[in-house]
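Each chain, letter by letter, is given below.
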Amino acid sequence: MSEVFTKSMARNIFYGGSVFFFLLLIALTYQTHEAWPERDNHENLTDQVRHGKELWENNNCVGCHSLLGEGAYFAPELGNVYQRYGNSTDAIKAFIMSRPKDGIEGRRSMPQFNFNDEELEAIAQFLKYVSGINTNDWPPNIQG
Amino acid sequence: MKYESQSVAKLYFIAAIGLFVGQIVFGLIMGLQYVIGDFMFPEIPFNVARMVHTNLLIVWLLFGFMGAAYYLVPEEAETELHSPMLAKLMFWVFLVAGALTILGYLLVPYATLAEMTGNHLLPTMGREFLEQPTITKIGIVIVALTFLYNIAFTVLKGRKTVITLILLLGLAGLAIFFLFSFYNPDNLVKDKYYWWFVVHLWVEGVWELIMASILAFVLIKTTGVDREIIEKWLYIIVAMALITGLIGTGHHFFWIGAPEYWLWWGSIFSALEPIPFFMMTVFAFNMVNKRRINHPNQPAVLWALGTAVMAFLGAGVWGFMHTLAPVNYYTHGTQITAAHGHMAFYGAYVMIVLAIISYAMPMMRGRKACNSAASQIVEMWSFWLMTIAMVFITLFLTGAGILQVWLQRFSDEPMSFMVVQDKIELFYWMREGAGVVFLIGLLLYVYSFFVGGEERTVEKKV
Ligand code: HEM
Ligand code: HEM
Ligand SMILES: [Fe+2]
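Residues numbered from 1 in each chain as written. Chains lettered and ligands numbered in written order. Predicted model: local features only at pLDDT ≥ 70, side-chain atom pairs only at ≥ 80, totals over all residues. Heavy atoms only, no water.

Student: So what's going on with the coordination of the iron atom of ligand 1? Residues and values would help.
Tutor: All names here are of chain B. Only His-53 (NE2) and His-342 (NE2) from the protein coordinate the iron atom of ligand 1, and they sit 2.0 Å from it. Taken together, the 6 donor atoms coordinating the iron atom of ligand 1 span angles of 85 to 178° at the metal, a pattern that classifies the geometry as octahedral. Pair noted here: His-53 is in helix α2 (residues 46-77) and His-342 is in helix α13 (residues 335-364), with a separation of 289 residues, a long-range link. Residue classification places His-53 among the buried residues on the basis of a relative accessible area of 11%. (Donors = N, O, S within 2.8 Å, 3.2 Å for Na, K, Ca; no water. Tetrahedral: all angles 85-135°; square planar, octahedral: opposite > 155°, others 65-115°. Helix = DSSP H or I, 4+ residues; strand = E, 2+ residues; numbered from the N terminus. Buried < 20%, exposed > 50% of the residue type's maximum accessible area, 1.4 Å probe, protein only.)

Following this line, the structure appears as structure tokens:
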């Protein structure tokens, strides 16, 4: 780099640029908060759904599955599982309940978590709530 | 080594390498589970292996960053470390906390761990990369703050250089953005949005400051190029990193419930994110070409050039590949993401830590400047084995990802996830094969520390 471009110019670009774009990020984040009520399905965020999220976290479901495309890639996307299972929370519950304790020979296996009825319902309701979030039309199709 | 207290870095580097080996072993376990689904089930389910793999990665990189700071800050500041005692104490605190956390993952079901550690009091667990019990997270914050205090006071009492300044800013940012890991709202959309304030603003923000400053330090030392030139580069690289990377966070806001304008902001700014990585490559090669000395530590120079190239490929090229919203719509959360994640982490952060270890370790072990020729040759073999293996891991995962996108998301008759996974099994086998080569390279790396012999002659003028 030539003499015309000095170190103090580089330094000013660093400080000025960083501060400016950091403030812009904050401004856009503020905007995003304003826009959320229209999109985040909060009207269906019940206590049961909250409990479902807690169970989702405490059992590290995201360690195998993705949720809205984030997480692990070992097991199917669950952001739209409610639709994939025919808009049925019962089907979701039946699947989780029926996992064999020792897995399935040679196949990727999901653990048996021994959830009680109330917990199963909470998880299913959580997944139903997630499927109602406005995701700009993602995923591309029902397979997730 | 100019200052006695720099040697605390040795502990940190040894721990880093040890945990790196653990990380790769669990990577290979997962790689097998991808093809032999019930391998080690139910003793070590996939999610447990994954937590161990990714958390070990983060922890050993943090050990590496802290070691790098303890080594280079006294030398730059031209003074002893503020408190070597504190540095040693925090090393053990961090190591024990880390080990207990990993043992917790492996020995009890995750839900039990959550209960044992009182997760309901302040729920932070169960989110990708942030799986640590809340108490561990608090421990990390304490270690980070103590470390920052130690480093900052060293800088304050000594010479202030651009390298230490940028490094300090990066490390402070690392600690500050980690605080978002304590924010876990019930609203999943907000939870996800702020989760990226840790993950993205780390790897595509403040960590780049850390990487660039360590790179600048190693280049000054091994090429003898004038500090003025190096510092100008350093400023402009980190300027571009933050100018593109802050708003670039938007490439994660496309499909998680954030408003549509992020499709534009995220695509445009993140498409510019390769620029700082490209500049680092130009920078590294330029400085080596302009070198005033031929430093006898060849592996250190090799790692420094390697990290610049591989970070550009992994973060810059593989990142750009899937960052535009219309592309990301199809690739989001597929093996393409995994391919990119591997090469970017390896190229940028694994290799920069190995570069500073390679440069600093011989001196901390009582040599003048470098290891014996025999040891250097082994180390350079390990460089090529690991790097080429990582290139192939990335290529195989990319192949798997393209097929996955096609079969599951793009074709006229999309197939289900599990059916597609069966069809692309071959690519996972090949990834595992490349992973074994990676492990061999890593073991060779460890072995290189035990190869003795006469030290190579000390630096010559060009
Ligand atoms: C050498 C053998 C390795 C193997 C077989 C391996 C395998 C894996 C597997 C199977 C996953 C989980 C993917 C999923 O969620 O479905 C994973 C995740 C990950 N690994 Fe590795 N890994 C290896 C080395 C490495 C190295 C050297 C690094 C760091 C440089 C690394 C960094 C990561 C990261 C960051 C993730 C999370 C990726 C994401 O969320 O997209 N791995 N690895
Ligand atoms: C050294 C720097 C970088 C590292 C270590 C890194 C690492 C990662 C990792 C681990 C993920 C997966 C996160 C998850 O598990 O959900 C990811 C996602 C992503 N990265 Fe990077 N990255 C880097 C730089 C970049 C750059 C420069 C770009 C763009 C040019 C980029 C574009 C993306 C995109 C678009 C995703 C989302 C993928 C998806 O939709 O599934 N990354 N990155
Ligand atoms: Fe990102």
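Student: So what about the side chain of Lys137(B)? Which residues, and what values?
Tutor: All names here are of chain B. Locating Lys-137 in the fold gives a position in helix α5 (residues 134-157). No salt bridge forms around the buried Lys-137; measuring N to O, its nearest opposite-charge neighbour Glu-131 is 7.7 Å away. Within the structure, Lys-137 has its side chain in polar contact with the backbone oxygen of Leu-130 (distance 2.8 Å). Of note is the side chain of Lys-137, whose polar atom sits 2.8 Å from the backbone oxygen of Gln-132. The residues contacting Lys-137, other than those within four sequence positions of it, are Thr-124, Met-125, Leu-130, Gln-132, Phe-178, Ser-181 and Phe-182. (Lys, Arg positive; Asp, Glu negative; His and termini not counted. Salt bridge = Lys/Arg side-chain N within 4 Å of Asp/Glu carboxyl O. Polar contact = N/O pair within 3.5 Å; in protein donor to acceptor, adjacent residues only side chain to side chain. Contact = heavy atoms within 4.5 Å.)

Student: Summarise empty space enclosed by the protein; cite the residues concerned and give the values.
Tutor: Following the criterion strictly, the structure yields 5 cavities of 30 Å³ or more and no others. Estimated volume of the second largest cavity: approximately 180 Å³. Along the wall of the second largest cavity there are 15 residues; nearest its centre are Val62(A), Arg127(B), Glu128(B), Asp191(B) and Lys192(B). When contributions to the lining of the second largest cavity are tallied by element, the ones reaching two or more residues are α2 (47-58) and β2 (70-71) of chain A together with α7 (188-223) of chain B. Residues of the lining of the second largest cavity, tallied by class, amount to 6 nonpolar, 2 polar and 7 charged. (1 Å grid on protein atoms, 1.4 Å probe; cavity = no way out; pocket = protein on both sides within 12 Å on 5 of 7 lines; lining within 4 Å. Points joined across faces, edges and corners; volume = space filled by probe spheres on them. Nonpolar A, V, L, I, M, F, W, Y, C, P; charged D, E, K, R; others polar.)

Student: Please set out the coordination of the iron ion (ligand 3) residue by residue, giving values where relevant.
Tutor: Residue and element names in this part refer to chain B. Bound to the iron ion (ligand 3) on the protein side are His-200 (ND1), Glu-204 (OE), Glu-204 (OE), His-251 (NE2) and His-252 (NE2), at distances that span 2.1 to 2.8 Å. In the primary sequence, the donor residues of the iron ion (ligand 3) line up as H-x3-E-x46-H-H. A separation of 4.4 Å is found between the iron ion (ligand 3) and the iron atom of ligand 2. Placement of the pair is His-200 in helix α7 and His-251 in the loop between α8 (227-248) and α9 (261-271), with a sequence separation of 51 residues. A single burial state applies to His-200 and to His-251, both of which are buried.

Student: Tell me what's going on with the interface of chain A and chain B, and back it up with residues and numbers.
Tutor: Listed as interface residues are 71 residues of chain A and, on the opposing side, 85 residues of chain B. For the chain A and chain B pair, buried surface summed over both sides reaches about 6,900 Å², with 62% attributable to carbon and sulfur atoms. Here chain A and chain B share 6 salt bridges between them. We note a salt bridge from Lys7(A) to Glu231(B), for which the minimum N-O separation is 2.6 Å. Across the chain A-chain B interface, the total number found is 39 residue pairs in polar contact (both at pLDDT 80 or more). Among the secondary structure elements, those contributing two or more residues to the side of chain A that touches chain B are α1 (7-35), α2, β2 and α5 (117-130) of chain A. If you tally residues by element for the side of chain A that touches chain B, the top one is α1(A), at 18 residues. (Buried area = accessible area lost by both parts, 1.4 Å probe.)

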